[in-house]
Amino acid sequence: MATDAASKRSRNGAPDSLGTGVETARPLDPADWAQFRELSHRALDEAIDRLATIETRPVWQPMPPEIRNSFESPMPRSERAFGEVLDEYRARIEPYATGNAHPLFMGWVHGAGTPVGMVAEMLAAGLNANCGGRDHVGLEVERQIARWAAELFGLPPDASGIFVTGTSMANFLGLLVARNAALGDSVRAEGLRAAPAQLVAYASEQAHGCISQALELAGIGSRHLRLVPVDAAGAIRLDRLDAAIAADRRAGLRPFLLVGTAGTVNTGAVDDLERLAGIAVRHQLWFHVDGAFGALAALSPRLRSRLAGIEHADSIAFDFHKWAHVPYDAGFLLVRDPDAHKRTFANPAAYLARAPEGLAAGETWPCDLGPDLSRGFRALKVWFTFQTFGADHIGAAIEHCCAVAQHLERRLRGSALFELAAPVGLNIVCWRVHGAADDGIHQAIAMELQKQGIAVPSLTTLDGRPALRAAIVNHRTDKRHIDAFVEAMSALAERKLRKSHLSA
Ligand SMILES: *Cc1c(COP(=O)(O)O)cnc(C)c1O
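Computed from a prediction, not measured in an experiment: that's the story for all the values here. (Residues numbered from 1 in each chain as written. Predicted model: local features only at pLDDT ≥ 70, side-chain atom pairs only at ≥ 80, totals over all residues. Heavy atoms only, no water.)

### Here we look at the overall build of the chain
And step 1. Along the backbone of the chain there are 15 helices and 11 strands.
And step 2. Principal axes of the C-alpha set define a box for the chain whose edges measure 85 × 60 × 40 Å.
And step 3. For the chain, the residues scored as buried account for 46% of the 504 residues in total.
And step 4. For the chain, long-range pairs separated by at least 24 residues make up 72% of all intrachain contacts whose partners lie at least 6 apart in sequence.
And step 5. By element, 54% of the accessible surface of the chain is carried by carbon and sulfur atoms, the whole surface being about 25,000 Å².
And step 6. Put simply, the chain has 53 plus and 57 minus side-chain charges, and the middle of one group is 4 Å from the middle of the other. (Helix = DSSP H or I, 4+ residues; strand = E, 2+ residues; numbered from the N terminus. Buried < 20%, exposed > 50% of the residue type's maximum accessible area, 1.4 Å probe, protein only. Contact = heavy atoms within 4.5 Å. Areas by Shrake-Rupley, 256 points an atom, 1.4 Å probe, with all protein chains shown as cover. Lys, Arg positive; Asp, Glu negative; His and termini not counted. Charge placed at Lys NZ, Arg CZ, Asp CG, Glu CD.)

### Side note on a nonpolar patch on the surface
And step 1. Among the surface-exposed residues, W33, F36 and F82 lie close enough to one another that they form a single nonpolar patch of about 300 Å² accessible area.
And step 2. Looking at the element boundaries, F82 is found in helix α4 (residues 82-93). (Patch = residues over 30% accessible without salt bridge, like charges linked within 9 Å, V, L, I, M, F, W, Y side chains within 5 Å. Salt bridge = Lys/Arg side-chain N within 4 Å of Asp/Glu carboxyl O.)

### Concerning the environment of Y96
And step 1. Structurally, Y96 is set in the loop between α4 and α5 (115-127).
And step 2. Counting along the chain gives 34 residues from Y96 to P62, while the straight-line C-alpha distance between them is 7.0 Å.
And step 3. When residues no more than four places from it in sequence are discounted, the contact partners of Y96 are Q61, P62, M63, P64, I67 and A91.

### Concerning helix α14 (residues 440-451)
And step 1. Here α14 contains 12 residues, and its C-alpha end-to-end distance of 17 Å stays within 8% of the 16 Å for a straight helix at 1.5 Å per residue.
And step 2. Taken residue by residue, α14 has I441, H442, I445, A446, L449 and Q450 as its buried positions. Buried residues of α14, viewed axially, fall in a sector of 165 degrees; they line one side.
And step 3. Contacts made by the buried residues of α14 are with β9 (428-433), β10 (458-462), β11 (465-471) and α15 (479-503).
And step 4. A positive backbone phi angle near 75 degrees is found at G453, which sits one or two residues after α14. (Expected span 1.5 Å × (residues − 1). Arc of directions from axis to C-beta.)

### Structural notes on the pattern of salt bridges
And step 1. All chains considered together, the criterion is met by 25 salt bridges.
And step 2. Notably, a salt bridge pairs R26 with E79, separated by 3.2 Å at the nearest N-O pair. Placement of R26 in the loop between α1 (4-7) and α2 (33-52) and of E79 in the loop between α3 (65-70) and α4 is noted, with a sequence separation of 53 residues between them.
And step 3. Overall, the relative accessible area of 71% leaves R26 in the exposed class.
And step 4. Here E487 and R411 are joined by a salt bridge, their closest N and O atoms 2.9 Å apart. Of this pair, E487 sits in helix α15 while R411 sits in helix α13 (residues 378-413), placing them 76 residues apart in sequence.
And step 5. Judged by relative accessible area, E487 falls into the partly exposed class, the value being 48%.
And step 6. The network of salt bridges with common partners includes R42, E46, D87 and R90.

### Focus: unusual backbone geometry
And step 1. Of note, the amide linkage connecting Y328 to D329 takes the cis form, showing an omega dihedral of -10 degrees.
And step 2. Tracing the backbone through its elements, the reader meets D329 in the loop between β6 (315-319) and β7 (331-335).
And step 3. Phi at R134 is positive, roughly 75 degrees, even though this residue is not glycine.
And step 4. The partly exposed category is assigned to R134, whose relative accessible area is 27%.

### Quick word on the side chain of R50
And step 1. Relative to the elements of secondary structure, R50 occurs in helix α2.
And step 2. There is a polar contact of 2.9 Å between the side chain of R50 and the side chain of E94. (Polar contact = N/O pair within 3.5 Å; in protein donor to acceptor, adjacent residues only side chain to side chain.)

### Topic: the nonpolar core
And step 1. With 101 residues, the main nonpolar core has F153, F320, W323, W431 and F485 as its most contacted residues.
And step 2. Here this core gathers at least three residues from each of two domains, domain 1 (130-376) and domain 2 (390-503).
And step 3. Residues in contact with F153, not counting those within four places in the same chain, are A295, L296, A298, R304, I310, E311, I316, F318 and L334.
And step 4. Grouped together as the second largest cluster of nonpolar side chains are 32 residues, V177, L199, V259 and W286 included. (Core = buried A, V, L, I, M, F, W, Y, C linked by side-chain atoms within 4.5 Å. Domains from an automatic or database assignment.)

### A look at the packing of aromatic side chains
And step 1. Applying the stated criterion across every chain yields a total of 14 aromatic pairs.
And step 2. Here F163 and F332 contribute two aromatic rings whose centre-to-centre distance is 4.8 Å and whose plane-to-plane angle is 80 degrees, an arrangement assigned as edge-to-face. Taken as a pair, F163 in strand β1 (residues 160-164) and F332 in strand β7 lie far apart in primary sequence, 169 residues in all. Considered together, F163 and F332 belong to a single accessibility category, that of buried residues.
And step 3. You can call F332 buried: its relative accessible area is 0%.
And step 4. Stacked on the ring of F71, the Lys or Arg R92 has its end atom at 4.7 Å from the ring centre.
And step 5. Over the ring of W365 we find R354; its NZ or CZ atom is 3.8 Å from the centre of that ring. (Phe/Tyr/Trp six-rings, centres within 6.5 Å; stacked < 30°, edge-to-face > 60°. Lys NZ or Arg CZ within 6 Å of the ring centre and 35° of its normal.)

### Examining α15
And step 1. Compared with an ideal rise of 1.5 Å per residue, which puts 25 residues at 36 Å, α15 spans 36 Å between its outermost C-alpha atoms and is within 8% of the ideal.
And step 2. Here α15 has its buried residues at H481, I482, F485, V486, M489, S490, L492 and A493.
And step 3. Lining the buried residues of α15 we find α13, β8 (418-420), β9, α14 and β11.

### Things to note about the site of the ligand
And step 1. Near the ligand there are 13 residues, and of these T167, S168, D290, D319 and K322 occur at the shortest range.
And step 2. Take D290: an N or O atom from its side chain is 2.7 Å from a nitrogen atom of the ligand.
And step 3. Considering the ligand on its own, with 380 Å² of exposed area, one finds that the protein chains cover 86% of that surface.
And step 4. Classifying every residue of the shell around the ligand by side-chain character gives 4 nonpolar, 6 polar and 3 charged. (Near = heavy atom within 4 Å. Nonpolar A, V, L, I, M, F, W, Y, C, P; charged D, E, K, R; others polar.)

### Let's talk about the sheet that holds β11
And step 1. The strand order β8-β9-β11-β10 describes an open sheet built from 4 strands, whose pairing is antiparallel. Looking at the sheet topology across the chains shown, the edges are occupied by β8 and β10. For this sheet the average axis-to-axis angle between neighbouring strands, irrespective of direction, equals 45 degrees.
And step 2. When β8 meets β9, the two strands line up antiparallel, connected through 3 bridges. Note on β9: the bridge partner recorded for E419 is R432.
And step 3. Packing of α14 onto the sheet brings it into contact with β9, β10 and β11, and relative to β11 it is tilted by some 30 degrees. (Pairing = 2+ DSSP bridges. Axes fitted to C-alpha atoms, helices over the stretch in contact; angles between N-to-C directions.)

Remember, this is a structural readout, not a statement about activity or role.
Right, here's the structure in full:
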């Protein structure tokens with residue numbers, strides 16, 4: 001048996017400076033694999049049960065103060081049994097998640113996830129692949145997803161694609177590629193001060209806030225984003241766009257980027273991508289499409305035509321975690337010209353040098369296509385999702401969401417209590433309480449439904465007034481859920497109207 005002194009000597013006999021001993025590792029593997037296996041199988045069973053019985057639970061529940069406060073405990077210094085930590089997860093974490101798996105979660109735009117995606121994510125964690133680069137299967141799967149996306153949207157098969165956190169990031173990276181294409185590669189070293197003229201970008205006033213933020217992050221400034229008015233359907237007005245570009249040209253500015261939205265976050269409106277593409281060509285603008293959720297409507301043969309023109313895009317940003325239900329996060333950027341994409345980000349660092357063979361082989365690595373170096377295997381959960389369900393099933397689920405949204409629209413139209421606040425183009429319904437004296441009733445209704453765990457609608461502002469909003473994204477949401485929702489909301493609205501009547 002090694003003595004204490006001996007164990008503090010490294011292999012060559014010299015004492016090691018940390019004094020911890022190099023002879024025996026203290027790995028972070030379980031001491032008892034059989035017990036670990038048992039606990040893990042149980043945790044997986046419970047996670048599956050949770051999804052299988054999701055409807056029986058409140059959509060969401062507020063965290064009691066003692067639970068919230070319990071997260072103020074300091075970093076633990078010593079070990080605890082894995083089983084004990086799992087118990088804590090069951091008590092303090094699992095019950096207080098967002099709730100987006102539930103069929104009556106309709107707030108913002110949230111994907112619902114799938115049991116298959118959950119297992120895929122677990123398997124990816126087991127492989128623990130670093131998909132920033134090198135020659136391994138993770139990169140091959142990601143390239144396959146890029147080809148699938150290119151085919152789906154009608155871009156050339158050699159279009160380049162990269163997983164990112166979400167569409168916010170994908171829009172930002174797309175903008176950087178557009179900036180590089182407009183000013184040339186020298187902008188990377190010289191910066192924007194060396195540009196011959198001020199860059200200007202265009203999007204509709206219903207474009208997502210991350211577009212404006214992307215201009216800020218890129219150093220161009222959100223003041224140089226023209227937010228073009230929309231028509232009654234919520235789509236960008238082409239006449240106003242044309243006029244804005246012409247005015248900027250006359251003023252000596254440099255229009256460089258046109259962002260079309262395929263599915264606005266407020267109302268689900270889709271810009272006329274075909275005509276936007278024509279305007280982009282005419283004015284030599286980079287044509288980027290923010291298709292965060294809406295672009296995946298291309299999976300449905302019946303909805304595909306709404307996206308006509310997307311095939312002309314220079315770049316497309318979208319999320320697999322929204323309408324394709326891949327677990328968070330799985331944003332994607334697709335760029336038509338692979339060279340333009342690579343020239344924006346590739347770095348010649350020595351430690352990233354490529355070799356003809358071995359693990360350092362390969363020409364383009366994902367770290368050449370964005371700022372991330374270490375990155376996880378997001379492609380695996382997308383691969384599993386499409387392999388398991390097939391694109392047609394996912395497309396049918398998307399179509400079903402639109403049908404459910406139309407059902408909600410009919411129910412609201414048929415009720416004297418409510419009025420629609422925007423046309424229902426795709427899967428998003430916005431409405432108000434009819435004749436409400438106080439607009440605060442909308443937020444009060446949303447909060448009450450959320451707190452009671454009945455449903456999660458969200459709130460938005462349209463034409464300067466608050467409106468209730470339901471984005472039907474969940475593949476589990478059915479007509480009967482919507483009927484129950486309308487009943488509960490009607491009762492609540494009636495009660496609140498009566499109360500405000502009495503107090504008036
Ligand atoms: C959700 C959304 C975004 C932002 O995407 P994230 O994945 O949340 O970063 C951008 N644009 C639109 C239209 C969206 O719906």
